[in-house]
Amino acid sequence: MSERGSSNHSREEDDVVEMKKAMATGSSSSHGAAAASSVPPIVCYCLASILMTVVNKFVVSGTHFNMNFLLLCMQSSVCVACVYTVKKLGIISFRDFDSKDAKAWFPISVLLVGVIYTGSKSLQFLSIPVYTIFKNLTIILIAYGEVIWFGGRVTALTLVSFILMVISSIIAAWADISDALVAGDPAVAEAANGLSTMSGVISKMNVGYFWMFLNCATSAAYVLTMRKRIKVTGFSDWDTMFYNNLLSIPVLAVASIVAENWGYENLSLNFPPETRNFLLFAIAFSGAAAVGISYTTAWCIRATSSTTYSMVGALNKLPVAASGMIFFGDPVTFGSVTAVAVGFFAGLVYAVAKNNQKKAEQASQAGIIPMANRSS
């Protein structure tokens, strides 16, 4: 009877056992194990996302860089090569390639291509703080997606956190546009020249915000669909990471050949001779780091939930935004700092809301299950 009452805990413990085997961590028991098991994936995801954001920003921030599909194809190829090598060395294990699994997982890989491509385009046009703050909007889409597809619920406190997230995004956009207007102020330059500069800068930012909103939509679709498909296929975290990157390579290669300019001049602009070697090293390094972001994303979703994974991403915005200010000289203004602070606070409110919701659900289940046991 008590086993029936704790079926949810046993399922969580099975996941804990799997993760312990994969990551070779020590053992602990029941509630403590479930709580402790969520800490390593969250910490690893935070570190991997900071590293990936900074490296990708460096790669795509070249003045003439326009070959995003090629960049992503190279990263995915390096990622698959790294994972396959580690498997051959006997350090990790995952299932061999299977065409049925590939067909079932291919839509997820296409969505991942959309997520990474729109993210790289967003970083190309927006600063890291603005990019990271607007990623908060993905949480709202995922939360309401869970309401529709997984029977989730949005509480009043959760709604307050969503409102704060939207406010932080508005502040970030306002600060970003204000900085652009100051840079192109007609009072500083000649009137006509200043206005043309302003219109060019603002149109560039509009493109960035377009890619940002597209990235939020594709990210939500990717996370929700992957959560559903993992349950169907029974993929482990390494299976997920391997198939994600392997299946994305042909999609990215075809897209690069069809949509991008492979002429000698354009290749020279994208990979200037003076920085070519270092740039290729950075791309290879980011491909290897993609192993970390791919694995920790799947690990975090499996160990927690897709919404909690997104909440962790929201809390992670503070160090990620700080990295942009430190490494890329993104402006530290009252508006940008306020936007990051409000976004961080929104993430904290969201965490509290989800924790309260989980406790309420556990309390209601604790009251229902014993009655069912008595009647049986």
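What you see is a predicted model; the values in this text were computed from it and never measured. The numbering scheme is per chain: residues are counted from 1 as the chain's sequence reads. Reporting of local features is limited, given that this is a predicted model, to residues whose pLDDT is at least 70; pairs of side-chain atoms are given and counted only at 80 or more, and all residues count toward the totals for whole chains, interfaces and linings. Computation of side-chain values: all heavy atoms of the structure, hydrogens and water removed.

Visitor: What am I meant to see in the side chain of serine 248 here?
Guide: To qualify as a helix, a DSSP run of H or I must reach at least 4 residues; to qualify as a strand, a run of E must reach at least 2; elements of each kind are numbered from the N terminus. Locating serine 248 in the fold gives a position in helix 11 (residues 237-259). Polar contacts, as counted here, are pairs of nitrogen or oxygen atoms within 3.5 Å of one another; within protein the pair requires one atom able to donate a hydrogen and one able to accept it, and residues that are adjacent in sequence qualify only if both atoms are side-chain atoms. Separated by 3.3 Å, the side chain of serine 248 and the backbone oxygen of asparagine 244 make a polar contact. Not counting residues within four places of it along the chain, the set of residues in contact with serine 248 comprises Ser76, Ser109 and Val113. Residue contacts are defined here by distance: any two heavy atoms, one from each residue, within 4.5 Å place the two residues in contact.

Visitor: Honestly, empty space enclosed by the protein in this entry has me stumped. Any pointers?
Guide: Where empty space is left can be seen by rolling a probe of water-molecule size over the atoms. Using only the protein atoms, space was sampled on a 1 Å grid; points where a 1.4 Å probe fits but cannot get out form cavities, open sets with protein on both sides within 12 Å along at least five of seven lines form pockets, and lining residues are those with an atom within 4 Å of a point. Grid points are joined across faces, edges and corners, and a volume is the space filled by probe spheres set on the points. Here the structure, examined in full by the defined rule, presents two cavities of 30 Å³ or more. Considering only enclosed or pocket space, the second largest cavity measures out at about 30 Å³ in volume. Lining the second largest cavity are Leu72, Ser76, Val113, Ile116, Ser248 and Leu252. Going through the elements one at a time, helix 5 (68-88), helix 6 (99-125) and helix 11 are the ones with two or more residues in the lining of the second largest cavity. Amino acid classes used here: Ala, Val, Leu, Ile, Met, Phe, Trp, Tyr, Cys and Pro are nonpolar; Asp, Glu, Lys and Arg are charged; the rest, including Gly, are polar. Each residue belonging to the lining of the second largest cavity can be placed in one class, and the counts come to four nonpolar, two polar and no charged.

Visitor: How should a nonpolar patch on the surface be read in this particular structure?
Guide: Patch members must show over 30% relative accessible area and no salt bridge, and they are joined within 9 Å when carrying like charges or within 5 Å when they are nonpolar side chains of Val, Leu, Ile, Met, Phe, Trp or Tyr. Per-residue accessibility takes into account occlusion by the displayed protein chains alone, with areas from the Shrake-Rupley method and a 1.4 Å probe. By convention in these notes, a salt bridge is any Lys or Arg side-chain nitrogen within 4 Å of a carboxyl oxygen on Asp or Glu. A surface patch of nonpolar side chains, amounting to about 670 Å² of accessible area, comprises Tyr144, Val147, Ile148, Trp149, Leu159, Ile163 and Ile167. Those elements that provide at least two residues to the nonpolar patch are helix 8 (136-149) and helix 9 (156-183). In terms of residue count, helix 8 provides more of the nonpolar patch than any other element does, four residues in total. As for its position among the elements, tyrosine 144 is in helix 8.

Visitor: I would appreciate a short explanation of the pattern of salt bridges in the present structure.
Guide: Opposite charge on two side chains allows them to pair when their charged atoms are near. A full pass over the atoms with the stated rule returns four salt bridges. Measuring nitrogen to oxygen at the nearest pair gives 2.8 Å for the salt bridge that ties lysine 87 to aspartate 96. Taken together, the salt bridges that share partners define one network made up of Arg95, Asp101 and Asp239.

Visitor: How should I be thinking about the nonpolar core in this particular structure?
Guide: Buried together is how nonpolar side chains tend to be arranged in soluble globular proteins. In this text, buried Ala, Val, Leu, Ile, Met, Phe, Trp, Tyr and Cys residues form a nonpolar core when linked through side-chain atoms within 4.5 Å. The rule is simple: take the accessible area with a 1.4 Å probe, protein chains only, and divide by the maximum for that residue type; under 20% is buried, over 50% is exposed, in between is partly exposed. By size, the foremost hydrophobic cluster in this structure holds 44 residues, and its most contacted members are Val83, Trp105, Tyr222, Met226, Trp238, Met241 and Tyr243. If you list the elements that add at least two residues to this core, you get helix 4 (39-60), helix 5, helix 6, helix 10 (191-233), helix 11 and helix 13 (276-303). Per element, the largest residue contribution to this core is eight residues, and it comes from helix 11. Residue contacts for tyrosine 222: discarding those within four places in its chain leaves Ile108, Leu111, Leu112, Val115 and Asn244. Counting residues in each nonpolar core, the second largest holds 35 residues, with Ala143, Met212, Phe271 and Tyr350 among its members.

Visitor: Help me understand the environment of methionine 226, please; the structure alone is not making it clear to me.
Guide: Among the structural elements, methionine 226 can be located in helix 10. Judged by its relative accessible area of 0%, methionine 226 is buried. Separated by 72 residues in sequence, methionine 226 and alanine 298 have C-alpha atoms that sit 8.6 Å apart. Residues in contact with methionine 226, not counting those within four places in the same chain, are Trp105, Ile108, Thr240, Asn244, Thr297, Ala298 and Ile301.

Visitor: Before we go on, may I ask you to explain the environment of tryptophan 105 in this structure?
Guide: Positionally, tryptophan 105 belongs in helix 6. Along the backbone, tryptophan 105 and methionine 226 are 121 residues apart, and their C-alpha atoms lie at a distance of 8.7 Å. When neighbours within four sequence positions are excluded, tryptophan 105 is seen to be in contact with Met226, Arg229, Ile230, Thr233, Phe235, Thr240, Tyr243, Asn244 and Leu247. Within the structure, the side chain of tryptophan 105 is placed 2.8 Å from the side chain of asparagine 244, a separation counted as a polar contact.

Visitor: Sorry, what's going on with the packing of aromatic side chains here?
Guide: Here is the rule: rings of Phe, Tyr and Trp (six-membered ring for Trp) pair when centre to centre is within 6.5 Å. Planes less than 30 degrees apart are stacked, more than 60 are edge-to-face, and the remainder are tilted. In the structure shown here, the tally under the stated rule is 13 aromatic pairs. Between phenylalanine 97 and tyrosine 243, the ring centres sit 5.9 Å apart and the planes meet at 15°, which makes this aromatic pair stacked. One end of the pair, phenylalanine 97, is in the loop between helix 5 and helix 6; the other, tyrosine 243, is in helix 11, and 146 residues separate them in sequence. An aromatic cluster of three or more residues is present, and its members are Phe94, Phe97, Trp105, Phe235, Phe242 and Tyr243. We call a charge positioned over a ring when the NZ of a Lys or the CZ of an Arg lies within 6 Å of the ring centre and within 35 degrees of the ring normal. The positively charged end of lysine 87 is found above the aromatic ring belonging to phenylalanine 94, 4.5 Å away from the centroid.

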